[in-house]
Amino acid sequence: MRWKFWEWATGLPFARSNFATLESPRRLPSLTSLSLAPTMNGPTISVSLNSPQFLARNTFISSSKLKTDTSRRSLGICKCVSSPPAEQTAYTTKVSRNANMAKLQAGYLFPEIARRRAAHLLKYPDAQVISLGIGDTTEPIPDIITNAMAERACALSTVEGYSGYGAEQGEKKLRSAIASAYYKDLGIDESDIFVSDGAKCDISRLQVLFGSNVKIAVQDPSYPAYVDSSVIMGQTGLYENQRYSNIEYMRCDPQNGFFPDLSLISNADVIFFCSPNNPTGSAATREQLTQLVQYAKKTGSIIVYDSAYAMYISDDCPRSIFEIDGAKEVAIETSSFSKYAGFTGVRLGWTVVPKELLFSDGFPVAKDFNRIVCTCFNGASNIAQAGGLACLSPEGLKAMQSTINFYKENTQIIMDTFTKLGFDVYGGKNAPYVWVHFPGRNSWDVFAEILEKANVVTTPGSGFGPGGEGFVRVSAFGHRENVLEASRRLSQLYK
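Going by what an unreviewed UniProt entry lists, the protein chain is known as LL-diaminopimelate aminotransferase and is assigned to Rhynchospora pubera. Listed under Sequence similarities (unreviewed entry) in UniProt, the entry text for the protein chain is "Belongs to the class-I pyridoxal-phosphate-dependent aminotransferase family. LL-diaminopimelate aminotransferase subfamily." Its UniProt record gives the protein chain the following Cofactor (unreviewed entry) comment, quoted word for word: "pyridoxal 5'-phosphate".

**Student:** Looking at this structure, how should I read the overall build of the protein chain?
**Tutor:** Each helix and strand counted, the protein chain has 17 helices and 18 strands in total. Taking the intrachain contacts of the protein chain between residues at least 6 apart in sequence as the baseline, contacts between residues at least 24 apart amount to 72%. As displayed, the protein chain has an accessible area near 24100 Å², and 52% of this comes from carbon and sulfur atoms.

**Student:** What is the right way to look at the pattern of salt bridges in this model?
**Tutor:** Where side chains of opposite charge bring their charged atoms close, a pairing between them can arise. Going through the model one piece at a time under the given rule, you end up with 18 salt bridges. Notably, a salt bridge pairs Glu 452 with Lys 123, separated by 3.6 Å at the nearest N-O pair. Of this pair, Glu 452 sits in helix 16 (residues 443-454) while Lys 123 sits in helix 6 (residues 109-123), and the two are 329 residues apart along the sequence. Judged by relative accessible area, which is 36%, Glu 452 ranks as partly exposed.

**Student:** How should helix 16 be read in this particular structure?
**Tutor:** At 3.6 residues per turn, the α-helix brings residues three or four places apart onto the same side. End to end, helix 16 covers 16 Å across twelve residues, agreeing with the expected 16 Å (1.5 Å per residue, within 8%). Within the sequence span of helix 16, burial applies to Ser 443, Val 446, Phe 447, Glu 449, Ile 450, Leu 451 and Ala 454. Each element contacted by the buried residues of helix 16 is listed here: helix 6, strand 16 (456-457), strand 17 (459-460), strand 18 (471-475) and helix 17 (480-493). If you check the start of helix 16, you find a side-chain oxygen 2.9 Å away from the backbone N of Trp 444, and it comes from Asn 442. Taken from the residues just after helix 16, Asn 455 is the one with a positive phi, measuring 55 degrees.

**Student:** What am I meant to see in the sheet that holds strand 13 (residues 349-352) here?
**Tutor:** Across a sheet, paired strands are connected by hydrogen bonds in the backbone, their directions being either parallel or antiparallel. Reading across the sheet, the seven strands line up as 5-13-12-11-10-6-9 and stay open at both edges, with mixed pairing between neighbours. Of all the strands in the sheet, just strand 5 (193-196) and strand 9 (247-251) have a single pairing partner and so form its edges. Taken over all neighbouring pairs, the strand axes of this sheet differ in orientation by 20 degrees on average, direction set aside. Sheet analysis places strand 10 (residues 270-274) next to strand 11 (residues 302-306), joined by five bridges and oriented parallel. Counterpart to Ile 271 in the pairing with strand 11 is Ile 303.

**Student:** How should helix 6 be read in this particular structure?
**Tutor:** Here helix 6 contains 15 residues, and its C-alpha end-to-end distance of 21 Å stays within 8% of the 21 Å for a straight helix at 1.5 Å per residue. Considered for burial, the residues of helix 6 that qualify are Leu 109, Phe 110, Glu 112, Ile 113 and His 120. Angularly, the buried residues of helix 6 cover 155 degrees about the axis, an arc narrow enough to put them on a single face. Looking at the buried residues of helix 6, the elements they touch are helix 10 (224-233), helix 16, strand 16, strand 17 and strand 18.

**Student:** Just checking my understanding: could you explain the side chain of Glu 449 for this structure?
**Tutor:** Here Glu 449 is to be found in helix 16. Classification of Glu 449 by relative accessible area gives buried; the value is 19%. When sequence neighbours within four positions are dropped, the list of residues in contact with Glu 449 reads Arg 441, Ala 454, Leu 493 and Tyr 494.

**Student:** Mind showing me how you'd approach the packing of aromatic side chains here?
**Tutor:** Geometry of an aromatic ring pair is reported as the spacing of the ring centres plus the angle between the planes. Taken as a whole, this structure holds 26 aromatic pairs when the rule is applied. A network of ring pairs unites the aromatic residues Phe 110, Phe 258, Tyr 426, Trp 435, Phe 464 and Phe 471 as a single cluster. The side chain of Arg 243 reaches across the aromatic face of Tyr 249, ending 5.1 Å from its centre.

**Student:** Would you mind showing me how to read the side chain of Ser 487 here?
**Tutor:** Checked against the element boundaries, Ser 487 lands in helix 17. Taking relative accessible area as the criterion, Ser 487 reaches 7% and is therefore assigned buried.

**Student:** Explain the confidence of the model for the protein chain here, please?
**Tutor:** Any region with low pLDDT has predicted coordinates that should not be read closely. For the protein chain, per-residue confidence averages 88 on the pLDDT scale, and 82% of positions sit at 70 or higher. Under a pLDDT of 50 for its full length, residues 52-75 has, in the predicted model, 47 contacts with residues more than four places off or in other chains.

**Student:** What am I meant to see in the nonpolar core here?
**Tutor:** In summary, soluble globular proteins display a tendency toward joint burial of nonpolar side chains. Formed by 99 residues in total, the largest nonpolar core has its most connected members in Tyr 183, Phe 210, Ile 303, Phe 322 and Phe 343. Excluding its chain neighbours within four sequence positions, the residues that come into contact with Phe 343 are Ile 141, Ile 145, Met 149, Phe 337, Ser 338, Leu 348, Ala 384, Gly 387, Gly 388 and Cys 391. Ranked by size, the runner-up nonpolar core spans 21 residues in total, among them Leu 132, Ile 414, Ile 450 and Val 474.

**Student:** Explanation requested: the pairing of strand 13 in the structure shown.
**Tutor:** Working note: regular strand, side chains alternate between the two faces of the sheet. Residues of strand 13 alternate between two faces, with Gly 349 and Thr 351 on one and Trp 350 and Val 352 on the opposite face, all of them buried. Examined bridge by bridge, strand 5 and strand 13 share four bridges and lie antiparallel to one another. Across the sheet, Phe 194 pairs through a bridge with Thr 351, a residue of strand 13. Where strand 12 (residues 331-336) meets strand 13, four bridges bridge the pair, whose relative direction is antiparallel. Counterpart to Ser 335 in the pairing with strand 13 is Trp 350.

**Student:** I keep staring at the packing of helix 8 (residues 172-182) against helix 14 (residues 382-391) and nothing clicks. Help me out?
**Tutor:** A pair of packed helices is characterised by two quantities: the angle between their axes and the separation of those axes. Helix 14 packs onto helix 8 with a crossing angle of 35 degrees between their chain directions and a minimal axis gap of 9 Å. You can see that helix 8 and helix 14 cross each other, and the crossing is left-handed. Contacts between helix 8 and helix 14 involve Lys 173, Leu 174 and Ala 177 from the former and Gln 385, Gly 388 and Leu 389 from the latter. Grouping the amino acids of the contact of helix 8 with helix 14 by side-chain chemistry returns three nonpolar, two polar and one charged.

**Student:** Explanation requested: the environment of Arg 115 in the structure shown.
**Tutor:** Among the structural elements, Arg 115 can be located in helix 6. Only 2.7 Å separates the side chain of Arg 115 from the side chain of Glu 112, close enough to count as a polar contact.

**Student:** Help me out: how do you make sense of the sheet that holds strand 18 in this one?
**Tutor:** Taken together, the four strands give an open sheet; going across it, the order is 14-15-18-17, and neighbouring strands pair in antiparallel fashion. The sheet is open, and its two borders are formed by strand 14 (425-427) and strand 17, each paired with just one other strand. Relative to strand 18, strand 17 runs antiparallel, the two being bridged by two bridges. For Pro 460, the partnering residue across the bridge sits in strand 18 and is Val 472.

Conventions adopted
Residues numbered from 1 in each chain as written. Predicted model: local features only at pLDDT ≥ 70, side-chain atom pairs only at ≥ 80, totals over all residues. Heavy atoms only, no water. UniProt positions renumbered as here; feature names shortened; annotations may be inferred. Helix = DSSP H or I, 4+ residues; strand = E, 2+ residues; numbered from the N terminus. Contact = heavy atoms within 4.5 Å. Areas by Shrake-Rupley, 256 points an atom, 1.4 Å probe, with all protein chains shown as cover. Salt bridge = Lys/Arg side-chain N within 4 Å of Asp/Glu carboxyl O. Buried < 20%, exposed > 50% of the residue type's maximum accessible area, 1.4 Å probe, protein only. Expected span 1.5 Å × (residues − 1). Polar contact = N/O pair within 3.5 Å; in protein donor to acceptor, adjacent residues only side chain to side chain. Pairing = 2+ DSSP bridges. Axes fitted to C-alpha atoms, helices over the stretch in contact; angles between N-to-C directions. Arc of directions from axis to C-beta. Phe/Tyr/Trp six-rings, centres within 6.5 Å; stacked < 30°, edge-to-face > 60°. Lys NZ or Arg CZ within 6 Å of the ring centre and 35° of its normal. pLDDT = per-residue confidence, 0-100. Core = buried A, V, L, I, M, F, W, Y, C linked by side-chain atoms within 4.5 Å. Left-handed = near helix turned anticlockwise from the far one by under 90°. Nonpolar A, V, L, I, M, F, W, Y, C, P; charged D, E, K, R; others polar.

This is how it looks when you write it as structure tokens:
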């Protein structure tokens, strides 16, 4: 019996009143073992209370098994040791994780910035942080646009005004208005246009269209969604030396006027090109885009042209790739109302896939994209589309341009601030972004320095690719008083 073990081990009589809990150790789940020292100088022996030897009835453990001296039992010490229960193993399914997801580096850039901003506020809860990092619009949507959305929303409460599912490609009136406003005389009609919930979403749908067996080329630096969606689709190899294998990184820097040397591209099937560029703010000239189209024709590549900031262009740089002769045979264009009308939360954009664009077997690219849209998307919100239609009215276009001009004034304030401080500053003229050079500095270190010492959020250049190292992007999206205050703080920090 268990009392025999106690008396043998300690040399003391067993008293049930003083030791009742050990008679039924299962009543104390947290009590899992005994540590026994039968003599003053003897070894300590740990025995599990759940062991077969201890719990078995009529069990007597011999001294030979315990390997202790039984000749001196004048003093015994019993320690009841509580140990943590064995860690529970979580239930797992039989489904393997997508190996491509494991290739992605850390989190997506902008949520990571938001996480670091939140951590800063936990450390300094009274800090007045100004965000000039994530390119999120701040100014109210013009009344002419919100009134149209409100009217459409209210109409849904009536029998006459209710509508359910719409065309996945978008409402005919809106597609026609987009063609008229942005592609007049360029040979693009409403049947080439697919209305969506934003350019970022369409980038991923286009990656599904191309599949996993293509090689992409991207401007370096560039919007991270191009690369991340490529990784997720399985188009790339592993990440080494700040880049993924099987992606062509087209270096764009001050030395080449932020336009890549196309002769260095090796066998790219799909070229992602953004103008005006996010993050550098540079816009490609007509001559440069002509080179790009000619290169695509020569190599048989398809250009995915991101024109999300085209309305910010104030000089003679093209606002659409389709202004270039031959582009309809080699290019797709994606755009958005987000940065024009403040639709970052409303979500509305479009993609143009010309009927002239064909795969290598002669099959129209637009037909496959239409199939993907019909499978993966139920169409943009009818309320958002009513807003988009109002954006393209004469009054709406004027209101959007007024908002754009406001952000461009912010851009000029930021550019002037850094220029006066002696920094090399790029972008700004045709985009709401200022690209600031910090020679020899790690861009995440600069981000941390500005956040810690000035309570201003920027975006580290390396988050847009290896070519962004040593730069930070400063966004002009912000209330005027915040932009002025941020400029004052930055002037104080780098005076």
